[in-house]
Amino acid sequence: MKNIAVIGAGTMGNGIAHTFAQFGFKVQLIDISQASLDKGIATITKNLDRMVTKERISEEDKQQTLNNITTFTSTKEGVATAGLVVEAATENVDLKLKIFRDLDALCPKNTILATNTSSISITQIAAVTSRPEMVIGMHFMNPVPIMKLVEIIRGYNTSDEVTNTIMELSKQLDKVPTEVNDYPGFVANRILMPMINESIETLYNGVAGVSEIDTVMKLGMAHPMGPLQLADFIGLDVCLSILNVMYEGFKNPKYAPCPLLVNMVNAGKLGVKSGEGFYDYSESRKAENVAKMFR
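Residues numbered from 1 in each chain as written. Predicted model: local features only at pLDDT ≥ 70, side-chain atom pairs only at ≥ 80, totals over all residues. Heavy atoms only, no water.

- Named according to an unreviewed UniProt entry, the protein chain is Putative 3-hydroxybutyryl-CoA dehydrogenase originating from Kordia antarctica.
- UniProt annotates the protein chain under Sequence similarities (unreviewed entry) with the comment "Belongs to the 3-hydroxyacyl-CoA dehydrogenase family." (UniProt positions renumbered as here; feature names shortened; annotations may be inferred.)

Dropping the structure here:
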């Protein structure tokens, strides 16, 4: 279990790789795109530099963490020696099912297969493998190196042994693993996403503006970040995918995504990653905000 493969070098994938590597695990970071791998390593390096500056780790710790990570564009090579694979690809059911079929065929028989899905059924994912008892949900929170919670989700056939192993492994990462049952959205997103969706509905219905809604929730409910800003940070496409999974899973209209959210995603306004969502993150706006600070 000292060799961990991570599928996907995006925001969650590079954060998961960073965390395992920082705690002494050998990590094989896998992505079909070399450019994504390069960007992922650059992000990890930047985050480690920030930790060095804050004196949370030493320069030697940083170098050791980076040395613990090897990148691969070949899944077959990347998972060859893995005791655990953590999939952190896009929140898309068909994509995840394909990945797990491939992993089942490529990984050693004793390899545990985990998914970082934030809403999709673990039981459904496990069903496409020949080892459903060894498939589990390991839902990290973003930003992974900082956030303590890991939702541990058992599928219908996940064994006690695998669950206990992943719970203990999470503790080795200085995380707080919390076991939850396999229902759409699990716990975190079953509660969070309706709140975000209702905030978007509030904006859609003209009750208040973006900054006003976020201010009410930050100052009135002691949230560190307003729900619309948080949605931008998560990614509006991810929010929409999770709401769709819950809507389909429960057939309950309270989970139906707001039309404004649907339109924004269709228009490519995805939040921080696209440069614009409920807030503007473009370079020109950043420059404008900096200029205001010195007026």
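1. Some words on the environment of Ile 30
Part 1 of the reasoning: Relative to the assigned elements, Ile 30 resides in strand 2 (residues 26-30).
Part 2 of the reasoning: Those residues in contact with Ile 30, other than ones at most four positions away along the chain, are Ala 5, Val 6, Ile 7, Gly 8, Ala 9, Leu 37, Phe 72, Ser 74, Thr 75, Gly 78 and Val 79. (Helix = DSSP H or I, 4+ residues; strand = E, 2+ residues; numbered from the N terminus. Contact = heavy atoms within 4.5 Å.)

2. Considerations on the packing of aromatic side chains
Part 1 of the reasoning: Counted by the stated rule, this structure contains three aromatic pairs.
Part 2 of the reasoning: With a centroid separation of 5.3 Å and an interplanar angle of 90°, the aromatic rings of Phe 20 and Phe 25 are classed as edge-to-face. In this structure, Phe 20 and Phe 25 share a single accessibility class: buried.
Part 3 of the reasoning: Aromatic side chains Phe 20 and Phe 140 sit 6.4 Å apart centroid to centroid with 70° between the ring planes, which places their arrangement in the edge-to-face category. Taken together, the residues Phe 20 in helix 1 (residues 11-22) and Phe 140 in strand 6 (residues 135-140) connect sequence positions 120 residues apart.
Part 4 of the reasoning: Ring pairs connect the aromatic residues Phe 20, Phe 25 and Phe 140, which therefore count as one cluster.
Part 5 of the reasoning: When the ring centre of Phe 25 is taken as origin, the NZ or CZ atom of Lys 2, which lies over that ring, is 4.3 Å away. (Phe/Tyr/Trp six-rings, centres within 6.5 Å; stacked < 30°, edge-to-face > 60°. Buried < 20%, exposed > 50% of the residue type's maximum accessible area, 1.4 Å probe, protein only. Lys NZ or Arg CZ within 6 Å of the ring centre and 35° of its normal.)

3. What to know about the packing of helix 2 (residues 34-53) against helix 3 (residues 59-67)
Part 1 of the reasoning: Contact geometry of helix 2 with helix 3 gives a least axis separation of 9 Å together with a crossing angle of 160°. It follows that helix 2 is roughly antiparallel to helix 3 by the angle criterion. In this structure, helix 2 meets helix 3 at a crossing whose hand is right-handed. Every residue of helix 3 that contacts helix 2 at Ile 44, Thr 45, Leu 48, Asp 49 and Val 52 is listed here: Glu 59, Lys 62, Thr 65 and Leu 66.
Part 2 of the reasoning: Residues that form the contact of helix 2 with helix 3 fall into these classes: four nonpolar, two polar and three charged. (Axes fitted to C-alpha atoms, helices over the stretch in contact; angles between N-to-C directions. Parallel < 35°, antiparallel > 145°, perpendicular 65-115°, else oblique. Left-handed = near helix turned anticlockwise from the far one by under 90°. Nonpolar A, V, L, I, M, F, W, Y, C, P; charged D, E, K, R; others polar.)

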